[in-house]
Amino acid sequence: MGPDGAPGPAVPWRKVLWERQPFPDNYVDQRFLEELRRNEGIRQYRYWAVVKEAGFVGQQLSCVAIFITLWLYMEQGLLSPATLLCTSLVCALLGYGLHQVLSSQVESCSEPRTHLADLQSAAIFLSFTFGFSPVLKTLTESVSTDTVYAMSAVMLLAHLLSFPYAEPSPPGSLSLNAALFASVCLASRLPGALHTFAMLSCALLVFALWPCLLQRLRENAPGQFAGVCVGVCVGGVGGLGSQSPGGAVLLALALGSVTLLCPLLLVRLQRHKDNIHGPWDEAEIHEDLSRFLN
Amino acid sequence: MVLKIFFPQCCNRADSGLLVGRWIAGHDSAVVLAVIHYPFIPGQVKQYIQQMQAQSGVELSVLGSWSLPKEGQEGMESFLRDLSTIFPQERWLQISRQMGKMGFTCEILNRGQNGKAAQRRVKKEKKEEEVDSGEAEKDEEEEDEEKVIFVHYEQRKVMLSQLHPIESGDPDLKTDPPSELRQVFQTVALSQPLFFLDKYDDGPLKSTHWQSEGREASIIVELLKQASVPLCLLLSWMLSMWTWLCSIRIFSLYPLRFLSTKLSTCVQLSYRTEHMRTLSSPKAAAGHTQFMRKANMLVSVLVDVALGVLLMWWLYRDEHIAMLANTLVPAADHVAKELEQLLQWLMGAPAGLKMNRALDQVLGRFFLYHIHLWISYIHLMSPFIEGILWYGGLSACLGLTFALSLLSDMVALFTFHIYCFYVYGARLYCLKIYGLSSLWRLFRGKKWNVLRQRVDSCSYDLDQLFIGTLLFTVLLFLLPTTALYYLVFTLLRLVVVLFQGVLHLSVDFINSFPLFAIGLRVFRPYRLAEGVKFRVLCDEPGVALHLLMERAFDGRVVQPMEEAA
């Protein structure tokens with residue numbers, strides 16, 4: 001029924017504006033609501049699938065925790081920089097091998113990076129970090145420690161918030177930069193230049209390279225991905241627990257809520273989703289326009 | 001109808017005679033310029049007037065007669081009336097004045113109607129008018145309405161005040177006929193030849209006007225006028241030599257030319273050269289503005305030179321130069337010491353600021369070394385400073401402005417280290433800000449698109465991001481140190497610039513202050529009048545209106561004649 005309730009004249013109403021019709025412009029007939037569609041193209045989430053996806057968020061949180069743990073160890077002198085460097089090197093080599101294996105399984109990648117380019121990047125990282133580590137060491141000397149901590153916390157939070165969880169393989173600029181800034185701030189508090197160097201290398205490993213590897217893992221070996229995530233989470237909680245049990249409890253709570261509680265909420269609340277579509281929507285162009293663009 | 005008669009104040013007490021002046025066409029007013037006294041031969045008067053007319057280009061004529069009866073000169077009325085037949089005019093004014101009365105009496109003889117001289121008496125006695133004749137005249141007044149207004153003006157002031165800019169080349173003004181007052185002013189200003197006849201002249205005619213008591217002139221002015229021509233020639237010859245010297249090729253080479261635009265002495269020299277060129281041009285100034293500009297220039301040059309000579313007199317007396325030179329080196333030392341202390345303070349923790357210690361030390365040592373270099377330079381120079389001052393002081397004979405410019409240049413040279421500090425600090429700061437702004441874009445994953453002049457998002461490589469962030473962190477933490485150095489040295493530079501600015505300001509003040517115009521305004525204000533105003537001298541019923549024309553500065557030309565009419 002139209003808003004004016006006009007009596008049906010002999011001429012049938014047509015939904016066109018270019019013809020003069022004996023109806024007001026805002027007239028619609030009874031077929032109006034027939035075209036109503038609800039929740040179009042909705043995906044029914046299953047709880048464990050959502051948990052698996054949320055595992056990425058949880059493991060990123062744990063990565064930050066692991067990094068902080070490492071820094072705490074370094075600051076207290078419990079971990080020598082040489083050990084950390086060696087471990088990092090081994091991890092990096094292992095990860096690189098794994099990455100190559102995973103990449104070779106699927107050759108869909110356009111233009112895979114050559115080994116030479118990888119070597120070049122690694123050389124740049126190492127040389128710059130090594131060259132800058134004395135500078136970075138003295139950089140925040142005069143800034144008070146609280147300021148440095150606050151800055152690092154804000155930056156790590158920014159890293160977590162702006163991390164591209166859906167597609168982490170080319171690392172998001174802001175997230176990576178924030179993480180690096182935070183690690184530079186933290187590393188400059190360490191006692192020696194070598195400490196700084198080791199810490200920065202570790203940061204590079206954790207924040208820049210690890211998400212790439214994990215993304216590969218998620219694509220090519222979904223079974224192992226879940227295990228790795230759980231392993232990282234456990235490692236993070238355990239590591240933090242060795243330094244501050246309170247922090248570990250908090251981290252565990254956060255991980256639980258992120259990976260278990262939030263997906264549960266999402267799945268529960270999905271029943272209430274009521275999304276309507278109809279002829280009142282904006283026009284969508286379904287035609288393939290690519291031939292016009294070229 | 002109101003007849004306006006512009007009457008010169010100097011003729012108030014003139015002996016009886018003929019009124020010479022001009023009828024202003026279309027405005028029903030007359031300007032009286034002079035009075036020619038008895039005895040005269042009418043032919044000679046006519047000849048004289050024609051001669052004057054040819055010289056001045058003003059339509060002069062005999063307006064009427066003037067009588068101021070003294071003892072033994074009674075019974076002249078009829079004689080004066082007869083004169084009108086000798087000098088045929090459309091209207092014949094008979095102005096007379098009684099001794100002891102302020103007002104004038106004016107009779108107008110109109111010969112318009114068939115040769116029958118219609119006589120109208122207009123009354124204008126101020127006081128003590130006889131009752132019976134007054135009544136008779138009243139009757140006549142009722143017959144024809146013609147009234148007379150006397151506007152008294154001071155001939156000399158009207159002549160010299162530039163209130164008749166008819167020669168201005170505005171084509172719009174030419175279409176409009178000039179206003180009445182403007183014509184009056186023009187008439188008076190143009191009829192200068194009429195005023196050359198004074199009472200010491202042995203000619204057949206005697207007249208009264210503002211110069212009739214003796215021509216106003218000064219021997220000094222006349223001598224200067226005579227001397228100015230060869231002086232100008234000499235000056236222009238010297239100027240041409242000087243410009244030829246300046247245009248030698250070696251001076252137009254890059255470093256010298258650049259230097260000459262930076263040294264305020266050179267700038268002042270070229271400025272003064274331009275002044276002297278204007279002053280020594282043989283052409284007379286065209287127009288009032290041009291004349292004022294030239295006179296201002298001349299006066300400023302003269303004052304400048306006088307002040308400079310005064311300065312020289314002070315400098316070369318009692319060994320003041322040696323004293324100055326002896327205080328200059330310790331002063332430079334003192335400044336350097338203060339700077340060193342400032343740098344030491346900066347190298348510590350100035351004002352509790354969080355500076356980067358390493359960079360702070362590097363910068364501080366760099367600047368300290370610079371100061372050290374500077375001090376040794378000053379000490380190397382110290383034996384020559386007295387000579388430089390002695391010869392530099394000689395430039396004061398060209399004017400105080402030259403001495404001040406030289407002082408400004410010397411200050412610039414002596415504080416060169418401060419300038420260097422400023423440049424280093426500013427360059428470092430600029431680089432840092434520039435780098436930070438572009439790295440901040442990288443930090444956010446953006447870049448500056450040069451082609452579209454906007455910020456675009458961009459996906460960077462991992463190594464680019466890493467190095468960029470590293471540099472960003474370094475620059476960000478070093479920024480306060482650089483900013484502080486920049487701030488301190490900018491302030492120092494500002495002090496020097498302020499001092500130089502005061503010097504330049506005073507130089508410009510001397511160069512361009514309109515001293516001549518101010519002198520005129522104080523001593524001869526009528527020369528710069530913007531208009532006239534009228535004051536009522538005597539306005540009583542039955543007596544003609546007497547107005548006094550005075551100069552006005554507010555630019556309003558008041559014309560109360562319409563109101564009076």
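Because the structure is predicted, anything quoted here is derived from the model rather than measured.

Quick look at the overall build of chain A
- From N to C terminus, chain A includes 9 helices and 2 strands.
- When the helices and strands of chain A are listed from N to C terminus, the series reads β-α-α-α-α-α-α-α-α-β-α.
- Counting all 294 residues of chain A, 36% fall into the buried class.
- Considering only contacts within chain A whose residues lie at least 6 apart along the sequence, 76% involve residues at least 24 apart.

Regarding the overall build of chain B
- Check the secondary structure of chain B and you find 17 helices and 13 strands.
- Across the 565 residues that make up chain B, the buried fraction comes to 41%.

With respect to unusual backbone geometry
- Notably, A:N39 is not glycine yet its phi reads approximately 45°, a positive angle.
- As for its placement among the helices and strands, A:N39 is situated in the loop between β1 (37–38) and α1 (47–75).
- In this model, B:Q453 sits at a positive phi of 55°, which is unusual for a non-glycine residue.
- As for its placement among the helices and strands, B:Q453 is situated in the loop between β10 (446–449) and β11 (454–457).

Overview of the UniProt feature "transmembrane region" (unreviewed entry) in chain B
Residue and element names in this part refer to chain B.
- In the numbering adopted here, UniProt assigns the feature "transmembrane region" (unreviewed entry) to residues 234–254, 297–316, 362–381, 388–415, 421–443, 464–488 and 494–518.
- Along residues 297–316, the helical share is 95% and the strand share 0%, with 28 Å between the first and last C-alpha atoms.
- Annotation note: span residues 494–518, helix share 92%, strand share 0%, distance between end C-alpha atoms 34 Å.

Here's the deal with the pattern of salt bridges
- The final tally for this structure, using the stated rule, is 11 salt bridges over all chains.
- Taking the shortest distance from any N to any O, the salt bridge between B:R357 and A:E141 comes out at 3.5 Å. Placement of B:R357 in helix α12 (residues 357–394) and of A:E141 in the loop between α3 (115–139) and α4 (145–162) is noted, with the two residues assigned to different chains.
- Across the pair B:E274 and B:R277 runs a salt bridge, and its minimum N-O distance is 3.5 Å. Of the two residues, B:E274 and B:R277 both sit in helix α9 (residues 264–279), 3 residues apart, roughly one turn of that helix.
- Classification of B:E274 by relative accessible area gives partly exposed; the value is 43%.

Observations concerning the interface of chain B and chain A
- Contact residues are listed per partner, giving 24 residues for chain B and 31 residues for chain A.
- For the pair chain B and chain A, the summed buried surface comes to about 2400 Å²; carbon and sulfur atoms form 76% of the total.
- Of all residues in chain B, the largest losses of buried area upon contact with chain A belong to B:L462, B:F466 and B:F477, amounting jointly to 29% of the total for that side.
- For the pair chain B and chain A, the interface holds 1 salt bridge.
- Of all the secondary structure elements, the ones that give two or more residues to the side of chain B that touches chain A are α14 (416–443) and α15 (462–512) of chain B.
- Each residue belonging to the side of chain B that touches chain A can be placed in one class, and the counts come to 16 nonpolar, 4 polar and 4 charged.

Overview of a nonpolar patch on the surface
Residues and elements named next belong to chain B.
- On the surface, a nonpolar cluster with roughly 810 Å² of combined accessible area is contributed by W242, W244, L245, I248, I250, L253, L256, L259 and L263.
- At the level of elements, α7 (219–246) and α8 (254–262) are the ones that each hand at least two residues to the nonpolar patch.
- Here the element with the most residues in the nonpolar patch is α7; it accounts for 3 residues.
- Its location among the elements puts L253 in the loop between α7 and α8.

Some thoughts on the pairing of β11(B)
All names here are of chain B.
- The sheet contact formed by β10 and β11 spans 4 bridges and is antiparallel. Bridging from a neighbouring strand, W448 pairs with V455 of β11.
- Here β10 hands over to β11 after 4 residues, with Q453 in that stretch at a positive phi of 55°.

Description of the confidence of the model for chain B
Residues and elements named next belong to chain B.
- In the predicted model, chain B carries a mean pLDDT of 76, and the fraction of residues at 70 or more is 79%.
- Averaged over each element, pLDDT in chain B is lowest for helix α3 (residues 131–143) (38) and highest for α14 (91).
- A low-confidence stretch, residues 166–175 (pLDDT under 50), is modelled with 4 contacts involving residues beyond four sequence positions or located in other chains.

Quick word on empty space enclosed by the protein
- This structure, assessed with the given rule, holds 1 cavity of 30 Å³ or more.
- Each pocket or cavity is described by its volume, and for the largest cavity that value is around 30 Å³.
- Looking at side-chain class alone, the lining of the largest cavity contains 6 nonpolar, 3 polar and no charged residues.

Some thoughts on the packing of α4(A) against helix α5 (residues 173–187) of chain A
Residue and element names in this part refer to chain A.
- Taken N-terminus to C-terminus, the directions of α4 and α5 make an angle of 160°; their axes are 8 Å apart at the nearest point. The angle between the axes of α4 and α5 places the two elements in the roughly antiparallel class. Where α4 crosses over α5, the two elements pack in a sense that is left-handed. Of the residues in α5, those touching α4 at V148, Y149, M151, S152, M155, L156, A158, H159 and S162 are L174, S175, L176, A178, A179, F181, A182, C185 and L186.
- Here the contact of α4 with α5 is composed, by residue class, of 14 nonpolar, 4 polar and no charged.

A short note on the environment of A:V228
Residues and elements named next belong to chain A.
- Checked against the element boundaries, V228 lands in helix α7 (residues 222–243).
- On the accessibility criterion, V228 (24% relative accessible area) is partly exposed.
- When the C-alpha positions of V228 and G55 are compared, they lie 9.6 Å apart, and in sequence the two are 173 residues distant.

Observations regarding the nonpolar core
- Among the nonpolar cores identified, the biggest contains 74 residues, and A:L136, A:M199, A:F207, B:L343 and B:Y485 are the most heavily contacted of them.
- With 16 residues, the top contributor of residues to this core is α15(B).
- Leaving out residues up to four positions away in the same chain, B:L343 has contacts with B:G364, B:F367, B:L368, B:I371, B:Y485 and B:F489.
- Listed in part, the 40 residues of the second largest apolar core include B:V158, B:V184, B:F185 and B:M549.

Structural notes on the pairing of strand β4 (residues 61–67) of chain B
All names here are of chain B.
- With 7 of 7 residues buried, β4 is to be regarded as a mostly interior element.
- Alignment of strand β2 (residues 17–24) against β4, held across 5 bridges, turns out to be antiparallel. Of the residues in β4, the one forming a bridge with L18 is S65.
- Pairing of β4 with strand β5 (residues 91–97) involves 4 bridges; the strand directions are parallel. In the strand pairing of β5, W66 is matched with I95.

Re the packing of helix α10 (residues 287–315) of chain B against helix α13 (residues 400–414) of chain B
- α13(B) packs onto α10(B) with a crossing angle of 65° between their chain directions and a minimal axis gap of 6 Å. Contacts between α10(B) and α13(B) pair B:D304, B:L307, B:G308 and B:L311 from the former with B:L400, B:T401 and B:A403 from the latter.

A look at the packing of aromatic side chains
Residues and elements named next belong to chain A.
- By the definition in use, this model includes 34 aromatic pairs over all chains.
- With centroids separated by 5.1 Å and ring planes inclined at 70°, the aromatic side chains of Y47 and W48 adopt a geometry described as edge-to-face.
- Their ring planes at 85° and their centres at 5.8 Å tell us that W71 and Y149 sit as a pair that is edge-to-face. With W71 in helix α1 and Y149 in helix α4, this pair connects stretches of sequence that are 78 residues apart.
- Accessibility expressed as a relative area gives 32% for Y149, which makes it partly exposed.

Looking at the UniProt feature "transmembrane region" (unreviewed entry) in chain A
Residue and element names in this part refer to chain A.
- When the UniProt feature table is mapped to this numbering, "transmembrane region" (unreviewed entry) covers residues 56–74, 81–99, 119–136, 148–166, 193–213, 225–242 and 248–267.
- Secondary structure within residues 81–99 divides into 100% helix and 0% strand; the distance between the first and last C-alpha atoms comes to 26 Å.
- With 100% helix and 0% strand, residues 248–267 has end C-alpha atoms that lie 28 Å from one another.

Re the side chain of A:S103
Residue and element names in this part refer to chain A.
- Tracing the sequence through the fold places S103 in helix α2 (residues 81–105).
- We classify S103 as buried; its relative accessible area is 16%.
- Of the polar contacts made by the side chain of S103, one reaches the side chain of R216; its length is 2.8 Å.

Here's the deal with α2(A)
Residue and element names in this part refer to chain A.
- The end-to-end C-alpha separation of α2 is 36 Å, in line with the 36 Å expected for 25 residues at 1.5 Å each.
- Buried within α2 we find P81, L84, S88, G95, L102 and S103.
- Taken together, the buried residues of α2 touch α1 and α6 (193–220).

Calculation criteria
- Residues numbered from 1 in each chain as written.
- Chains lettered and ligands numbered in written order.
- Predicted model: local features only at pLDDT ≥ 70, side-chain atom pairs only at ≥ 80, totals over all residues.
- Heavy atoms only, no water.
- Helix = DSSP H or I, 4+ residues; strand = E, 2+ residues; numbered from the N terminus.
- Buried < 20%, exposed > 50% of the residue type's maximum accessible area, 1.4 Å probe, protein only.
- Contact = heavy atoms within 4.5 Å.
- UniProt positions renumbered as here; feature names shortened; annotations may be inferred.
- Salt bridge = Lys/Arg side-chain N within 4 Å of Asp/Glu carboxyl O.
- Buried area = accessible area lost by both parts, 1.4 Å probe.
- Nonpolar A, V, L, I, M, F, W, Y, C, P; charged D, E, K, R; others polar.
- Patch = residues over 30% accessible without salt bridge, like charges linked within 9 Å, V, L, I, M, F, W, Y side chains within 5 Å.
- Areas by Shrake-Rupley, 256 points an atom, 1.4 Å probe, with all protein chains shown as cover.
- Pairing = 2+ DSSP bridges.
- pLDDT = per-residue confidence, 0-100.
- 1 Å grid on protein atoms, 1.4 Å probe; cavity = no way out; pocket = protein on both sides within 12 Å on 5 of 7 lines; lining within 4 Å.
- Points joined across faces, edges and corners; volume = space filled by probe spheres on them.
- Axes fitted to C-alpha atoms, helices over the stretch in contact; angles between N-to-C directions.
- Parallel < 35°, antiparallel > 145°, perpendicular 65-115°, else oblique.
- Left-handed = near helix turned anticlockwise from the far one by under 90°.
- Core = buried A, V, L, I, M, F, W, Y, C linked by side-chain atoms within 4.5 Å.
- Phe/Tyr/Trp six-rings, centres within 6.5 Å; stacked < 30°, edge-to-face > 60°.
- Polar contact = N/O pair within 3.5 Å; in protein donor to acceptor, adjacent residues only side chain to side chain.
- Expected span 1.5 Å × (residues − 1).

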